[in-house]
Protein chains: 2
Amino acid sequence: MTAAGTAAALVTRPANVRYLAAAAPQGSALLLGRREDLLVCAGPPDDRPYDGRPDENLRLHVLPTGGDAAVAAADLAGAQSADSLAVEEHHLTVARHRALASVAPALRLTDLGGAVEQLRVVKDEEEISCLRIGAEIADQALGELLESILVGRTERHLALELERRLVDHGADGPAFPTSVATGPNSGRRGHRPTDRRVEEGDFLTVCLGATYRGYRCEIGRTFVIGTSPADWQIELYDVVFAAQRAGRESLAPGAGYRDVDRAARQVLDSAGYAEALPPLTGHGVGLEIDEDPQLAPAAMGKLDACVPVTVEPGVHLPGRGGVRIDDTLVVRPEADGGPELLTITTKELLAL
Amino acid sequence: MTAAGTAAALVTRPANVRYLAAAAPQGSALLLGRREDLLVCAGPPDDRPYDGRPDENLRLHVLPTGGDAAVAAADLAGAQSADSLAVEEHHLTVARHRALASVAPALRLTDLGGAVEQLRVVKDEEEISCLRIGAEIADQALGELLESILVGRTERHLALELERRLVDHGADGPAFPTSVATGPNSGRRGHRPTDRRVEEGDFLTVCLGATYRGYRCEIGRTFVIGTSPADWQIELYDVVFAAQRAGRESLAPGAGYRDVDRAARQVLDSAGYAEALPPLTGHGVGLEIDEDPQLAPAAMGKLDACVPVTVEPGVHLPGRGGVRIDDTLVVRPEADGGPELLTITTKELLAL
């Protein structure tokens, strides 16, 4: 609010509401004022569970007959004789922004920008602990899958099986749609599972994550199906592994986002995979699976301690398949032992 | 475009892009011009599958290095010397709208409003056929669950089991998060499954749907666990059943949205459940699970033939539980046999 020069701010992006209010009932909006903060809900919060309970220091304002919580909050801000209100212009639609302006015409609406997102980048130990538990759950689910018979099963079924195991082990749910990619699909970022069945000789890329108390982590591994990998598979795996290690090892407080990206990228590049390069090699995780920072060539900024990020370079060769290796780590200073690896499943090339 | 008085229109809401272009690769935008239509994609469409393949009559424009497809499309519209562009102000954020305006300052931006959503309300027989198959899949998944042992299993596990069965039977995936509600949770709209286990004497409310070729349907049923339901359970079930039947029977071309709602609502009301009444008793389904029309007290408009809607009244008594019965039907004229029921699982009160 100080930065935006306003007396009040209205937070509407659900992950931002959740971060500041400890709960974000569906359709709620958080009004931050000089004197008090108000969580405006479209209905009783118990009927619209998200995760967590609203912070006890917040006053709740329930709209008994529903309606748009952000519009109601702007109305309240206007009634409290605030003269300006900072809103999240990257989240509010043009139509809702207009509705806000018309309900409180005396309010000057300004842009809060990504202020709350920036607060979310560095995590406290309680948040990191949720990520750590989520990573353990994902490791367990993946470990159990590897002990089962894979040949002949479809990508879709393996993905569903993994999601069931995540919940079995205590996850709120998957952190994002589980990706299982076999054969020519392997190594593709965000591949949606199909009805293709696992075959002998395939690469198998699995990418999954658990949500635990709202916090989302990510792990990705590539395996080979059958007794022994082909030469091209070993070669490609080694390159991606080296790139991922270079990315991991460059994580440190003060390292530039683009420098981490470059560390991983140049290994792929110098091995001749410049064409197959992804737009980014990692990103922040937390209440959303893809949050700041972006580890990409044009990203500006430097890492801080206690920032959890993924390092996930991959190569996909059209028609053949590929490799992706993805970890969630927390940036820690050298004195504390360097980056903390949350997802500990082996990165050896396993033949299953 | 005629209504908006512009030479070009930019469609960004994913379900609207999918409807007009037969595919909506993630982050894509559809530019409709006087001479040609252009699907702008942030990357190769094959790498960002959604469902379907782009319409063959469309020209594809791929942004090789990513970026915001809507902003790129506005730039293209400006370069094609269009003087005005209608955009979806209910979907574009204020920040993206500003980016569009700044990339093509000579373009006058107007509001397309819900024009595409209105086109989507009446379905053709191909769309209805997808909904019909989705409903069959949901009926199958639900039928199989009822044959299994339920006592002692958690809401979460039953929900995951149902979602696995949906995919087993050929669904793209669940149409929305499957809701399983037991005992005191039963009858709550949109209840998120918890770790509560099914107990003897419980009401069990299940609400699920399949997505098939992008089209989403919905079915909800309430059962009683054990040999015989209690008197209050029979009584409550009969009331909700009567309300749901009244809603279904009022579906006809020309019937007002609010009249269908009132038909169901007044049965609940006159049975003394005025307090527990939901904000709506049904809604349209299609490429999204909750689309126009809304069957609610203040809704304006009348049903047409070939509009698929849900009819889903429910009552939840805090602390005790409740009943919800939910069908997907297609509005048909009397001469064609009246409303077509897509979800055919029995609505008798089954004791499981």
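Residues numbered from 1 in each chain as written. Chains lettered and ligands numbered in written order. Predicted model: local features only at pLDDT ≥ 70, side-chain atom pairs only at ≥ 80, totals over all residues. Heavy atoms only, no water.

Participant: Whenever I open this one, the sheet that holds strand S11 (residues 215-216) of chain A confuses me. Can you help?
Facilitator: Note: strands within a sheet are paired through backbone hydrogen bonds, in either parallel or antiparallel orientation. Residues and elements named next belong to chain A. Spatial ordering of the open sheet is given by S7-S10-S11, a layout of three strands whose pairing is antiparallel. Two strands lie at the open edges of the sheet, namely strand S7 (173-174) and S11, each paired on one side alone. Against the sheet, helix H5 (residues 125-146) contacts strand S10 (210-212) and S11, and its axis sits at roughly 140° relative to S10. (Pairing = 2+ DSSP bridges. Helix = DSSP H or I, 4+ residues; strand = E, 2+ residues; numbered from the N terminus. Contact = heavy atoms within 4.5 Å. Axes fitted to C-alpha atoms, helices over the stretch in contact; angles between N-to-C directions.)

Participant: How do you make sense of the interface of chain A and chain B when you look at a structure like this?
Facilitator: Many authors give the size of an interface as the accessible area that is lost as the parts come together. Counting from both sides, the interface comprises 25 residues of chain A and, opposite them, 25 residues of chain B. Taken together, both faces of the contact between chain A and chain B bury some 2100 Å²; the carbon and sulfur share is 51%. In terms of surface lost to chain B, no three residues of chain A exceed Glu-89, Val-94 and Leu-160 of chain A, which account for 23% of the buried area on that side. Applying the counting rule to chain A against chain B returns two salt bridges. The partner of Glu-89 of chain B in a salt bridge is Arg-98 of chain A, and the shortest N-O contact between them spans 2.1 Å. There are 14 residue pairs in polar contact (both at pLDDT 80 or more) connecting chain A and chain B. (Buried area = accessible area lost by both parts, 1.4 Å probe. Salt bridge = Lys/Arg side-chain N within 4 Å of Asp/Glu carboxyl O. Polar contact = N/O pair within 3.5 Å; in protein donor to acceptor, adjacent residues only side chain to side chain.)

Participant: Is there a simple way to think about the packing of H5 of chain A against helix H6 (residues 155-168) of chain A in this case?
Facilitator: A pair of packed helices is captured by two measures, namely the crossing angle of their axes and the spacing between those axes. Residues and elements named next belong to chain A. Between H5 and H6, the shortest axis-to-axis distance is 9 Å and the interhelical angle comes to 135°. One way to sum up the angle between H5 and H6 is to call them oblique. Where H5 crosses over H6, the two elements pack in a sense that is right-handed. Contacts between H5 and H6 involve Ile-137, Ala-138, Ala-141, Leu-142, Glu-144 and Leu-145 from the first element and Leu-158, Glu-161, Leu-162, Arg-165 and Leu-166 from the second. Within the contact of H5 with H6, the residues separate by chemical class into eight nonpolar, no polar and three charged. (Parallel < 35°, antiparallel > 145°, perpendicular 65-115°, else oblique. Left-handed = near helix turned anticlockwise from the far one by under 90°. Nonpolar A, V, L, I, M, F, W, Y, C, P; charged D, E, K, R; others polar.)

Participant: Even after reading the chapter, I still don't get the environment of Pro-105 of chain B, so can you show me in this structure?
Facilitator: For Pro-105 of chain B, the position within the fold is in the loop between helix H3 (94-103) and strand S6 (108-111). Separated by 93 residues in sequence, Pro-105 of chain B and Val-198 of chain B place their C-alpha atoms 60 Å apart.

Participant: Any chance you could explain the pairing of strand S18 (residues 327-330) of chain A here in plain terms?
Facilitator: Residue and element names in this part refer to chain A. Residue alternation in S18 divides its side chains into two sets, Asp-327 and Leu-329 and Thr-328 and Val-330, and both sets are buried. By the bridge criterion, two bridges tie S18 to strand S19 (residues 340-341) in an arrangement that is antiparallel. By the bridge assignment for S19, Val-330 is matched with Glu-340. (Buried < 20%, exposed > 50% of the residue type's maximum accessible area, 1.4 Å probe, protein only.)

Participant: How do you make sense of H3 of chain B when you look at a structure like this?
Facilitator: Think of an α-helix as 3.6 residues a turn; residues three or four steps apart then line up on the same face. Looking at H3 of chain B, one finds that the buried residues are Val-94, His-97 and Leu-100 of chain B. Each buried residue of H3 of chain B sits inside an arc of 120° when the element is viewed along its axis, so together they form one side. (Arc of directions from axis to C-beta.)

Participant: Looking at this structure, how should I read the pattern of salt bridges?
Facilitator: Pairing between side chains of opposite charge can happen when their charged atoms approach one another. Enumeration over the complete set of coordinates arrives at 52 salt bridges over all chains. In this structure, Glu-161 of chain A and Arg-153 of chain A form a salt bridge, with 3.4 Å as the shortest nitrogen-oxygen distance. Measuring nitrogen to oxygen at the nearest pair gives 2.7 Å for the salt bridge that ties Glu-36 of chain B to Arg-59 of chain B. Linking Glu-36 of chain B in the loop between strand S2 (29-32) and strand S3 (37-41) with Arg-59 of chain B in strand S4 (residues 59-62), this pair joins segments that are 23 residues apart in sequence. For Glu-36 of chain B, a relative accessible area of 33% corresponds to the partly exposed category. By relative accessible area, which is 41% here, Arg-59 of chain B ends up partly exposed.

Participant: Any chance you could explain the packing of helix H2 (residues 69-79) of chain A against helix H3 (residues 94-103) of chain A here in plain terms?
Facilitator: All names here are of chain A. One can describe the packing of H2 onto H3 by two numbers: an axis separation of 8 Å at closest approach and a directional angle of 25°. As judged from the angle between their axes, H2 and H3 are roughly parallel. The way H2 lies across H3 gives a crossing that is right-handed. Across the interface between the two elements, Ala-70, Val-71, Ala-74 and Asp-75 from H2 touch Arg-96, Ala-99, Leu-100 and Val-103 from H3. Of the residues in the contact of H2 with H3, the class split is six nonpolar, no polar and two charged.

Participant: Teacher, can you tell me more about the side chain of Thr-93 of chain B here?
Facilitator: On the secondary structure map, Thr-93 of chain B appears in the loop between strand S5 (84-87) and H3. You can call Thr-93 of chain B buried: its relative accessible area is 12%.

Participant: In this structure, what is going on with the domain arrangement of chain A? I would like to understand it.
Facilitator: All names here are of chain A. Parsing chain A into structural domains produces domain 1 (8-118) and domain 2 (122-341). Distance between the C-alpha centres of domain 1 and domain 2: 35 Å. Each partner contributes to the interface: domain 1 provides seven residues, whereas domain 2 provides seven residues. Summing both partners gives a buried area of about 610 Å² for domain 1 against domain 2, and 42% of it is carried by carbon and sulfur. On inspection of domain 1 and its partner domain 2, the count reaches one salt bridge. Between Glu-288 and Arg-13 there is a salt bridge, and its shortest N-O distance comes to 3.0 Å. On the surface where domain 1 and domain 2 come into contact, there are three residue pairs in polar contact (both at pLDDT 80 or more). (Domains from an automatic or database assignment.)

Participant: What's the story with the packing of aromatic side chains in this structure? I'm lost.
Facilitator: Any two aromatic rings considered together are summarised by their centre-to-centre distance and by the angle between their planes. The final tally for this structure, using the stated rule, is two aromatic pairs over all chains. Both rings, one in Phe-203 of chain B and one in Trp-232 of chain B, keep their centres 5.6 Å apart while their planes meet at 80°; by these two values the pair is edge-to-face. One end of the pair, Phe-203 of chain B, is in strand S9 (residues 203-208); the other, Trp-232 of chain B, is in helix H7 (residues 231-249), with 29 residues separating them in the sequence. Residue Phe-203 of chain B is classed as buried on the basis of its relative accessible area of 2%. Directly above the aromatic system of Trp-232 of chain A lies the positively charged group of Arg-320 of chain A, at a separation of 4.4 Å from the ring centroid. (Phe/Tyr/Trp six-rings, centres within 6.5 Å; stacked < 30°, edge-to-face > 60°. Lys NZ or Arg CZ within 6 Å of the ring centre and 35° of its normal.)

Participant: What should I look at first to understand the confidence of the model for chain A in this one?
Facilitator: Reading predicted coordinates in detail is not appropriate for stretches of low pLDDT. Considering every residue of chain A, the mean pLDDT works out to 91; 95% of them sit at 70 or more. Note that residues 47-51 of chain A has pLDDT below 50 and, in this model, 16 contacts with residues that lie over four places away or in other chains. (pLDDT = per-residue confidence, 0-100.)

Participant: Teacher, can you tell me more about the relation of the copies chain A and chain B here?
Facilitator: Taken together, a rotation about one axis and a shift along it account for how the two chain copies relate. Each copy of the sequence occupies a distinct position, and chain A is placed on chain B by a rotation of 180° and an axial shift of 0.0 Å, giving an RMSD of 0.0 Å. On this basis, the relationship between the two copies can be described by a two-fold rotation axis. Using C-alpha coordinates, one finds that chain A approaches the rotation axis most closely at Thr-93 of chain A, a distance of 1.9 Å. Taken together, the interface assignments show that 100% of the residues at the interface of chain A recur at the interface of chain B, consistent with an identical surface on both copies. (Least-squares fit on C-alpha atoms with pLDDT ≥ 70 in both.)

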